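The primary structure of each chain is shown beneath.
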Amino acid sequence: MHKKEITIENITITEDEQLRVASINLMHNQVKFEERIELFKQNIKELNPDILCLQELQSNAKSSIIDFLKKELGYKYSYIGTDVKDKYSETRFANAILTNIEDTEFKPLPLGISGTGHQYASGVIANFKKNGKDVHVFSVHLAWGGENEHLRLHQVNIIAREADRLTARGTSPIVIVGGDFNCEPDSETLRYLYGKEVGTVHKGTYWVDAWKLHGTEENSITNDPQMPLGRLTARRVGIPFSSLIPKRRIDYILVHGWAHGRQGSPLNFIRWADASDYKTLTVSDHYGVCSDIYIPLTESV
């Protein structure tokens, strides 16, 4: 599952011209935690991303996960965002980014909305250069709850505003977001990011969805309530019949701007940390998402 050369229209894109970005919500619940962490380690070894975006990284697991990724897989650079507390338990967790790319710098991306219960939400941004291009990767986890679409829309307005600030510098940077958006492609939040709606507190924006370019029906679900951990999550929030909950695609890899067929273009879509049946234990109640992003060696527009 490692990167490999890709040929498109008789042009070969080398491994060096690809940036592999992966994202997963690790699910902060402690159930079968050690088994799940071992599965996570196996999956990361196979996937070997350049940038790893994590959501719901548990406070009590930070050291072991980060140490493994640094010592065994070479992810020398990491940043962990502000802890938040689960509304159903005392568990604390955060967003994080890890990478093996030299001279990466990090900063927080505040996504909190005061007075909503989401005032401490925070994303993480990694800033680095690849092939002479400025690249910025965001790891985000938007507001949870079907009734909170207005909060998610507010949060993606913040994300779009930050992306515009970065691209206004005139260096044609590549801005990528990976994360758990807690909403489906037909939501107002995603429609705004797809350029089909105007945001509430910001001008319009446009982002390319790796799955929309390269996904299939077989890998279209990232949150399946019928998997073992999905059933557990449902019961934990008071839903006894997980089979009546719809399967959803709520995890994304997005690239800012009209990144079709040019630098920043997603070259594929990979769903990872998944299973072929409803008996197999998975890393999380989410499947992971991944894409190889085109970063050419030569100048590109």
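Residues numbered from 1 in each chain as written. Predicted model: local features only at pLDDT ≥ 70, side-chain atom pairs only at ≥ 80, totals over all residues. Heavy atoms only, no water.

We now examine the packing of aromatic side chains. Any pair of aromatic rings gets described here by the distance separating the centres and the angle formed by the planes. In the structure shown here, the tally under the stated rule is three aromatic pairs. Ring centres 4.8 Å apart and planes at 35° place the aromatic pair Tyr 206 and Trp 258 in the tilted group. Here Tyr 206 is found in the loop between α4 (188–193) and β12 (207–209), whereas its partner Trp 258 is found in the loop between β13 (251–256) and β14 (270–272), with 52 residues between them in sequence. Since its relative accessible area comes to 54%, Trp 258 is described here as exposed. In this structure, Lys 212 is placed above the aromatic ring of Tyr 194, and the distance from its NZ or CZ to the ring centre is 3.9 Å. (Phe/Tyr/Trp six-rings, centres within 6.5 Å; stacked < 30°, edge-to-face > 60°. Helix = DSSP H or I, 4+ residues; strand = E, 2+ residues; numbered from the N terminus. Buried < 20%, exposed > 50% of the residue type's maximum accessible area, 1.4 Å probe, protein only. Lys NZ or Arg CZ within 6 Å of the ring centre and 35° of its normal.)

Below, the discussion takes up unusual backbone geometry. The general pattern is negative phi for most residues beyond glycine and trans for most peptide bonds. Here Asn 10, not a glycine, exhibits a phi torsion of approximately 65°, which is positive. Even without a glycine there, the phi angle at Asp 103 is positive, about 60°. Secondary-structure assignment places Asp 103 in the loop between β7 (92–99) and β8 (105–110). For Asp 103, a relative accessible area of 64% puts it in the exposed group.

On to the environment of Thr 99, then. Locating Thr 99 in the fold gives a position in strand β7. Note on Thr 99: relative accessible area 0%, which makes it buried. When the C-alpha positions of Thr 99 and Thr 7 are compared, they lie 26 Å apart, and in sequence the two are 92 residues distant. When sequence neighbours within four positions are dropped, the list of residues in contact with Thr 99 reads Asp 50, Ile 51, Gly 74, Tyr 75, Lys 76, Tyr 77, Thr 104 and Phe 106. Side-chain polar atoms of Thr 99 contact the backbone nitrogen of Ile 101, separated by 3.1 Å. (Contact = heavy atoms within 4.5 Å. Polar contact = N/O pair within 3.5 Å; in protein donor to acceptor, adjacent residues only side chain to side chain.)

With mixed pairing, six strands are arranged side by side in an open sheet as β8-β9-β10-β11-β13-β12. Two strands lie at the open edges of the sheet, namely β8 and β12, each paired on one side alone. Averaged over all pairs of adjacent strands, the angle between their axes in this sheet comes to 25°, without regard to strand direction. The pairing of β12 with β13 spans three bridges and is antiparallel. Bridged to Val 208 within β13 is Val 255. (Pairing = 2+ DSSP bridges. Axes fitted to C-alpha atoms, helices over the stretch in contact; angles between N-to-C directions.)

Those residues of helix α2 (residues 62–71) that sit buried are Lys 62, Ile 65, Ile 66, Phe 68 and Leu 69. The arc enclosing the buried residues of α2, seen along the axis, measures out at 160°, which places them on a common side. Exposed and oriented more than 90 degrees from the buried face of α2 are Ser 63 and Lys 71. Looking at the buried positions of α2, the neighbouring elements they touch are α1 (33–47), β4 (51–58), β5 (77–80) and β7. (Arc of directions from axis to C-beta.)

In this fold, Asp 292 is placed in strand β15 (residues 288–294). Apart from residues lying up to four places away in sequence, Asp 292 is in contact with Lys 3, Gln 18, Leu 19, Arg 20, Ser 265, Pro 266, Leu 267 and Asn 268.

This next bit is on the pairing of β4. Of all eight residues making up β4, eight are buried, and the element is well covered by its neighbours. Sheet analysis places strand β3 (residues 18–25) next to β4, joined by five bridges and oriented parallel. Within the sheet, the bridge partner assigned to Ser 23 lies in β4 and is Cys 53. Handedness of the crossover joining β3 and β4 through α1 is recorded here as right-handed. When β4 meets β7, the two strands line up antiparallel, connected through six bridges. Of the residues in β7, the one forming a bridge with Leu 52 is Leu 98. (Right-handed = clockwise from strand over helix to strand, strands pointing away.)

The next point concerns the nonpolar core. Within the largest apolar cluster, 25 residues are counted, with the highest numbers of intra-cluster contacts made by Phe 138, Val 140, Ile 159, Phe 181 and Trp 207. Looking at this core, the elements with two or more residues in it are β10 (133–141), α3 (149–167), β11 (174–180), α4 and β13. Here this core gets seven residues from one element, more than from any other, and that element is α3. Apart from the residues within four sequence positions on either side, Ile 159 is in contact with Leu 109, Leu 111, Phe 138, Val 140, Leu 142, Val 177 and Trp 207. Among the nonpolar cores identified, the runner-up in size contains 24 residues, and Ala 22, Ile 24, Phe 40 and Trp 272 belong to it. (Core = buried A, V, L, I, M, F, W, Y, C linked by side-chain atoms within 4.5 Å.)

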